Amino acid sequence: MTTSNEQFAKLSANGFEAAFRVAQITLDSAERFAKLSLELSKQTLEEHVNLARELGSVKDPQEALSRVNKLAAQNLEQAVANSRNVYDIVSQTQTELSKVAESNIADLNKTLIGNVEALTKNAPAGSETAVNALKSGLAASAAAFSTLSKAGQQVAEFADSSVKAATSATADAVKAAAKRTGPAA
């Protein structure tokens, strides 16, 4: 009975540590989002003030159109960069949370296997089939989790490479469009 209470206490302590770690990861991510948001707000304010000054000094409508087109291209490039920053924060948070979950599931699995081993030692004669079925079920669930975890990592890696490729393609397209409209204006 004491062993079960000790194991329960250890599982509870591990659960509190995991909950604390998840809260810490969440707060860190919120802090990074808030910091990014403030930086973007400052940057946007500065850009609008500069645009107002520039457009206030323009005498030629063609020059005004050229400046607006240039600004639109710059804003689109900045939006792509900002979306990449947001994606990086989300991706990093997801990776950290996945590590916490994997660690907790591994600890739980280890505890369950230890309990099954203890059960095996004290099992009555003839119960080997039931104990082996239990061990087999635990092994199958651990293998399934491992497979799902690996598949999730592959999906995350694919998404990351896709986002990077899309970001790069969008930035290249914006630069090409800016070059085409820049000299003609």
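These figures come from a predicted structure and were not determined experimentally.

Caption draft 1: Layout of the overall build of the protein. For the protein, the count of helices and strands is three helices and zero strands. The secondary structure elements of the protein, listed N-terminal to C-terminal, are α-α-α. Whereas a compact globule of 185 residues would reach a radius of gyration of roughly 16 Å, the protein reaches 28 Å, over 25% beyond that. With the C-alpha coordinates aligned to their principal axes, the bounding extent of the protein is approximately 100 × 30 × 10 Å.

Caption draft 2: Structural view of the layout of surface pockets. Approximately 250 Å³ is the volume attributed to the largest pocket. Considering the residues around the largest pocket, the lining is formed by 13 residues, among which Q94, T95, S98, Q153 and A156 are closest to the centre. Counting residues per element, the ones that place at least two in the lining of the largest pocket are α2 (61-122) and α3 (128-184). Take the lining of the largest pocket: its biggest share by element is seven residues, from α2. By residue class, the composition of the lining of the largest pocket is three nonpolar, seven polar and three charged.

Caption draft 3: Broad picture of α2. Compared with the 92 Å implied by 1.5 Å per residue over 62 residues, the 91 Å span of α2 between its first and last C-alpha is a close match. Buried residues of α2: L71, A73, V80, N82, R84, Y87, I89, T93, E96, V100 and V116, and no others.

Caption draft 4: Local environment of a nonpolar patch on the surface. Taken together, the side chains of F33, V86 and V90 make up a nonpolar region of the molecular surface, amounting to roughly 210 Å² of accessible area. Mapping V86 onto the fold places it in helix α2.

Caption draft 5: Geometry of the pattern of salt bridges. One pass over the full model with this rule turns up four salt bridges. Here E96 ties to R21 by a salt bridge, and the two come within 4.0 Å at their closest N and O atoms. Taken as a pair, E96 in helix α2 and R21 in helix α1 (residues 2-57) lie far apart in primary sequence, 75 residues in all. With relative accessibility at 33%, the residue R21 sits in the partly exposed group. R67 is the partner of E63 in a salt bridge, and the nearest nitrogen-oxygen pair spans 2.8 Å.

Caption draft 6: How the structure looks around the environment of A23. Mapped onto the elements, A23 comes out in helix α1. Exposure remark for A23: the relative accessible area of 39% places this residue in the partly exposed category. Along the backbone, A23 and G152 are 129 residues apart, and their C-alpha atoms lie at a distance of 22 Å.

Caption draft 7: Representation of the confidence of the model for the protein within the structure. Confidence in the prediction for the protein averages 80 pLDDT; 91% of positions are at 70 or higher. Within the protein, α1 carries the highest mean pLDDT (85), whereas α3 carries the lowest (73).

Caption draft 8: Expanded view of the environment of K42. When you line up the elements, K42 lands in helix α1. Accessibility expressed as a relative area gives 58% for K42, which makes it exposed.

Cut-offs used in this document
- Residues numbered from 1 in each chain as written.
- Predicted model: local features only at pLDDT ≥ 70, side-chain atom pairs only at ≥ 80, totals over all residues.
- Heavy atoms only, no water.
- Helix = DSSP H or I, 4+ residues; strand = E, 2+ residues; numbered from the N terminus.
- Rg over C-alpha atoms; globule rule 2.2 N^0.38 Å.
- 1 Å grid on protein atoms, 1.4 Å probe; cavity = no way out; pocket = protein on both sides within 12 Å on 5 of 7 lines; lining within 4 Å.
- Points joined across faces, edges and corners; volume = space filled by probe spheres on them.
- Nonpolar A, V, L, I, M, F, W, Y, C, P; charged D, E, K, R; others polar.
- Expected span 1.5 Å × (residues − 1).
- Buried < 20%, exposed > 50% of the residue type's maximum accessible area, 1.4 Å probe, protein only.
- Patch = residues over 30% accessible without salt bridge, like charges linked within 9 Å, V, L, I, M, F, W, Y side chains within 5 Å.
- Areas by Shrake-Rupley, 256 points an atom, 1.4 Å probe, with all protein chains shown as cover.
- Salt bridge = Lys/Arg side-chain N within 4 Å of Asp/Glu carboxyl O.
- pLDDT = per-residue confidence, 0-100.

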